[in-house]
Amino acid sequence: MTKFYESKDKLHVAVDCIVLGFENKKLKLLIGRRRFDPGKNEWSLYGGFVGHDESLKDAANRVLRELTGLNNIYMRQVGAFGSIDRDPGERVISVVYMALINVADYDSSLLDKYGLIWTDIDSMPPLFSDHASMVKKAIEQLRDRISSEPLIFNLLPPLFTLSQLQLVYETVLGEEIDKRNFRKRVKTMLSIEKTELIDKETSKRGAALYRFNKRSLGDTQKFKL
């Protein structure tokens, strides 16, 4: 290491990861009790410090692999949080990332390993430091983007019914969507492809199953609800 910045103040850089999933008709957030001070035993997001040999993205991917046991999941940077007194331990700047996963893919053994729980977004407990503000900003960004980007499919299984799709949209947006208009709009979307399969588990009548068509990523149509 050089000594060019030897006279400058040293800061810590961390990443905090907001992992969102959808289960039992609720948008869920993965949180855990802090195992060290400051804030020991407080509810918190899961994160870690950025290593000297890591980029921000590499650090976030490392944390997410530890947290979820999954690779190649959807991840987006939410922003940086750097209030002077945000961490009572040291001067820490945190860069926040949001990940969207299908809860069914999650390795539930990791809950016990890391002391984690899935909590409903609308009834989450108080969180350490500014973590609640991080979650709030992530949800705002998700709501802004799900109408123009295929983000919602990260929260769904590979095959889904239109009722399931609509429910996830309504839950994320926090508002009801007219069923007829929703289905009419779906039929015009190249990104949503009907299969020949029928859902016989969650639908008494047997509803058609759909899937996300990744080949349509270049589609300029937007899902405006």
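Only a predicted model underlies this, so the values are computations on that prediction, with no experimental measurement involved.

Rules behind the numbers
- Residues numbered from 1 in each chain as written.
- Predicted model: local features only at pLDDT ≥ 70, side-chain atom pairs only at ≥ 80, totals over all residues.
- Heavy atoms only, no water.
- Helix = DSSP H or I, 4+ residues; strand = E, 2+ residues; numbered from the N terminus.
- Buried < 20%, exposed > 50% of the residue type's maximum accessible area, 1.4 Å probe, protein only.
- Lys, Arg positive; Asp, Glu negative; His and termini not counted.
- Charge placed at Lys NZ, Arg CZ, Asp CG, Glu CD.
- Contact = heavy atoms within 4.5 Å.
- Phe/Tyr/Trp six-rings, centres within 6.5 Å; stacked < 30°, edge-to-face > 60°.
- Lys NZ or Arg CZ within 6 Å of the ring centre and 35° of its normal.
- Salt bridge = Lys/Arg side-chain N within 4 Å of Asp/Glu carboxyl O.
- Polar contact = N/O pair within 3.5 Å; in protein donor to acceptor, adjacent residues only side chain to side chain.

Draft legend 1. Expanded view of the overall build of the chain. When its secondary structure is counted, the chain shows five helices and nine strands. For the chain, buried positions account for 44% of its 225 residues. Of the side-chain charges in the chain, 36 are positive and 31 negative, and the distance between the mean point of each set is 6 Å.

Draft legend 2. Molecular detail of the side chain of Asp130. Looking at where Asp130 falls in the secondary structure, it is placed in the loop between β7 (116-120) and α3 (131-145). A relative accessible area of 14% means that Asp130 is categorised as buried. Every residue in contact with Asp130, bar those within four places of it in the chain, is listed here: Phe81 and Arg86.

Draft legend 3. Local environment of the packing of aromatic side chains. Under the definition given, this model contains five aromatic pairs. Ring plane angle 80° and centroid distance 5.6 Å describe the contact between Tyr106 and Trp118, whose orientation is recorded as edge-to-face. Of the two residues, Tyr106 sits in the loop between β6 (92-100) and α2 (109-114) while Trp118 sits in strand β7, which places them twelve residues apart along the sequence. Taken individually, Tyr106 and Trp118 each receive the classification buried, so the pair is uniform in this respect. Relative to Phe212, the ring of Phe153 has its centre 4.5 Å away and its plane inclined at 15°; by these criteria the two rings are stacked. With a gap of 59 residues between them, Phe153 in the loop between α3 and α4 (162-173) and Phe212 in strand β9 (residues 207-212) connect regions that are remote in the sequence. Sitting over the face of the ring of Phe128, Arg34 holds its NZ or CZ atom 3.8 Å from the ring centroid.

Draft legend 4. Representation of the pattern of salt bridges in the model. Inspection of every chain in the model, using the stated rule, returns nine salt bridges. With a shortest N-O distance of 3.6 Å, Asp122 and Lys26 are connected by a salt bridge. Taken together, the positions of Asp122 in the loop between β7 and α3 and Lys26 in strand β2 (residues 26-33) put the pair 96 residues apart, joining distant regions of the chain. Several salt bridges share partner residues, and in doing so they unite Glu54, Arg62 and Glu66 into one network.

Draft legend 5. Geometry of the side chain of Ser94. By secondary structure assignment, the location of Ser94 is in strand β6. A polar contact is formed between the side chain of Ser94 and the side chain of Asp16, at a distance of 2.6 Å. Setting aside residues no more than four positions away along its own chain, Ser94 makes contact with Ala14, Val15, Asp16, Gly79, Ala80, Phe81, Arg86 and Met134.

So, to be careful, I would describe these as geometric facts and stop short of saying anything about function.
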